[in-house]
Structure formats: structure tokens, C-alpha cells
Amino acid sequence: MARKNTSQGTPATAVLAAAGVSFNLHPYSHDPAAASYGMEAAEVLGIDPARVFKTLMVEVDGKLAVGVVPVSGSLDLKAIAAALGSKKAAMADPAAAERRTGYVLGGISPLGQRQPSPTVIDESALALDTILVSGGRRGLDIELDPRDLVRLTKAVTATIGTASQAHLERGSG
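Parameters at a glance
- Residues numbered from 1 in each chain as written.
- Predicted model: local features only at pLDDT ≥ 70, side-chain atom pairs only at ≥ 80, totals over all residues.
- Heavy atoms only, no water.
- Pairing = 2+ DSSP bridges.
- Helix = DSSP H or I, 4+ residues; strand = E, 2+ residues; numbered from the N terminus.
- Axes fitted to C-alpha atoms, helices over the stretch in contact; angles between N-to-C directions.
- pLDDT = per-residue confidence, 0-100.
- Contact = heavy atoms within 4.5 Å.
- Core = buried A, V, L, I, M, F, W, Y, C linked by side-chain atoms within 4.5 Å.
- Buried < 20%, exposed > 50% of the residue type's maximum accessible area, 1.4 Å probe, protein only.
- Polar contact = N/O pair within 3.5 Å; in protein donor to acceptor, adjacent residues only side chain to side chain.

1. Points about the sheet that holds strand E9 (residues 156-158)
Read across the sheet, five strands follow the order E5-E2-E3-E6-E9 without closing on themselves; strand pairing throughout is mixed. If you trace the sheet from one side to the other, it starts and ends with strand E5 (89-91) and E9, each paired once. In this sheet, neighbouring strand axes are inclined to one another by 35° on average, regardless of whether the strands run parallel or antiparallel. Examined bridge by bridge, strand E2 (residues 53-60) and E5 share three bridges and lie antiparallel to one another. The residue bridging Val-58 from the neighbouring strand is Met-91, located in E5.

2. Some details on the confidence of the model for the protein chain
Low-pLDDT portions of the prediction should not be read for the details of their coordinates. Residues at a pLDDT of 70 or more form 90% of the protein chain, whose mean pLDDT is 90. Taken together, the stretch residues 1-7 has pLDDT below 50 and engages in 19 contacts with residues farther than four places along the chain or on a different chain. Residue range residues 165-173 is modelled with pLDDT below 50. Its contacts to residues more than four positions away, or to other chains, number seven contacts.

3. Section: the nonpolar core
Nonpolar side chains tend toward joint burial in soluble globular proteins. With 26 residues, the main nonpolar core has Leu-16, Met-57, Ile-121, Val-133, Ile-142, Leu-144 and Leu-149 as its most contacted residues. Ignoring any residue separated from it by four or fewer positions in sequence, one finds Leu-16 in contact with Val-21, Phe-23, Leu-111, Ile-142, Leu-144 and Leu-152.

4. Focus: the sheet that holds strand E8 (residues 140-144)
Within the open sheet, the three strands sit side by side as E1-E8-E7. Their pairing is antiparallel. In this open sheet, the two edge strands, each paired with only one partner strand, are strand E1 (24-27) and strand E7 (131-137). Each strand of the sheet is rotated relative to its neighbour by a mean of 35°, with strand direction disregarded. In this structure, E1 lies alongside E8, joined through four bridges in antiparallel fashion. Bridge pairing in E8 links His-26 to Asp-141. Strands E1, E7 and E8 of the sheet are contacted by helix H1 (residues 11-19), whose axis makes an angle of about 25° with E8.

5. Focus: the side chain of His-26
You can see His-26 is positioned in strand E1. A polar atom in the side chain of His-26 sits 2.7 Å from the side chain of Glu-143. Ignoring anything within four residues of it in the chain, the contact list for His-26 reads Leu-45, Leu-132, Gly-139, Leu-140, Asp-141 and Glu-143.

Structure representation (C-alpha cells):
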């Protein structure tokens, strides 16, 4: 996977370039009517949703944190709270998430956030050679080695994602 320098620059791609990490950009035409940003990316790019990860901001003990889980499922709030040494987590206020990260909803990347937050990445990522995460704007995903993502975000890994029923019924859970 070659490092790509294009006009798609975002704070997320700047972090990767500065670290010398190999990555591929996957731009696509975002449909504002899409029900799910992550599933839209998987479908438009023709990539297994288990390899496309969404970045979700949560509040744990009054502080914001980041959960990164496959778009094919959902975030287990109790599991992310436990991974961060707490008992309870809630989804963050969208405006607070945008202020903290410097990104808009649907374009929040775990990389290059204005103010980094504790990050937990679903451990299923480590079983894959590469995963895709938001590149820092709607319509741009970054493909990279999940171990590089863990290192650059100083993340912990834990089972924080739950597979969707539809995904399980397809036999890919």
C-alpha cells in the first residue's frame, strides 16, 4: 500500500503523512440523503462492511472518548465504558463531538482530531490486514493497517462492537 499525496488533504491525512505511514485514500461521492455514513462508504466503495469502521464519540465520566467499530454493527456502550475503566458511557452530544474533533458528523476521523481523546478500537480490527476509517470529511475514507491506527491514536483495543442482526443472518458475523 503506497502513501498517496493528493489534494484530499485533511488533518487525518497530515498525521499519517508526518508519521510516514502507508495509506490509501478512497474518495467517493457522498449522498446527503444516505441513512448511514459508514454503510454508504462500504456500499459505494464495494468493501465488506466488516472492514469499514465508524468513529463514534462517547461521554465517559464527563469526558469525551472515541470508539471505533465496524459499520456492520453498533457500539456497546457498557463495553467501551469498561475498556476505559468506568461503568457507564453515553453517546456524546453531536455539537460537542464536532467542537472537540474539528470535524463534522459523518466525517469524524480517529486521526488528526483538534483535541485528541482516549480511544478504544474494536479488537476485530486486528484480525484484518487493513481497515477503512473516515478520512476527515464526508466522502473520504482512509485505508490503513489497523496496528498503525492503534499506535497513532494511542488506543486500547477491546471488544466494543456488536454485530448487527442482518450481518449475523448473512453468516458473516
